[in-house]
Amino acid sequence: HPVEVLFLDGEKPIGEMVQCQGKDLSPTGVGFFLGCHMPTSRVQLRLSHAQLSAPLTVRGNIVRIQRCNERLFEVGARFEELPNSSSSEVALDLEM
């Protein structure tokens, strides 16, 4: 499932939104595959999933990076805070 990542310098966006492939989603974070360099560990994530009524936008911090090959990284991000209206949907512990 798609995950869009926007890198942040404090509150300021760095570059454009990057399209990624989601791996898993939990109440506290998300795993995804990223095909580019990460200029910062602070991100804004836009998550889409069939079980979410609308895309969810949340900020987070990259807490894990594992290189898969020359062009691909497996990344784990922990959410900073979930909007109250969406937390019950994410609490389903969805597997992407």
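Residues numbered from 1 in each chain as written. Predicted model: local features only at pLDDT ≥ 70, side-chain atom pairs only at ≥ 80, totals over all residues. Heavy atoms only, no water.

S.K.: Help me get a handle on the sheet that holds strand β1 (residues 2-9), residues and values and all.
M.R.: Read around the closed barrel, the six strands follow the order β1-β2-β3-β6-β5-β4; overall the barrel is antiparallel. Going across the sheet, the axis of each strand differs from the next one's by a mean of 45°, ignoring polarity. Two elements, β1 and strand β2 (residues 12-25), share seven bridges in a ladder whose sense is antiparallel. Residue pairing in the sheet places Leu8 in a bridge with Pro13 of β2. (Pairing = 2+ DSSP bridges. Helix = DSSP H or I, 4+ residues; strand = E, 2+ residues; numbered from the N terminus. Axes fitted to C-alpha atoms, helices over the stretch in contact; angles between N-to-C directions.)

S.K.: So what about the pattern of salt bridges? Which residues, and what values?
M.R.: Counted by the stated rule, this structure contains seven salt bridges. Close ionic contact of Arg59 with Glu11 constitutes a salt bridge, the shortest N to O distance being 2.1 Å. Remark: Glu11 occurs in the loop between β1 and β2 and Arg59 occurs in strand β5 (residues 56-67); sequence separation between them is 48 residues. We classify Glu11 as exposed; its relative accessible area is 54%. Across the pair Glu74 and Arg64 runs a salt bridge, and its minimum N-O distance is 3.5 Å. Of the two residues, Glu74 is situated in strand β6 (residues 73-79) and Arg64 in strand β5; the sequence distance between them amounts to 10 residues. Three or more residues joined by partner-sharing salt bridges are found here, namely Glu11, Arg42, Arg59 and Glu80. (Salt bridge = Lys/Arg side-chain N within 4 Å of Asp/Glu carboxyl O. Buried < 20%, exposed > 50% of the residue type's maximum accessible area, 1.4 Å probe, protein only.)

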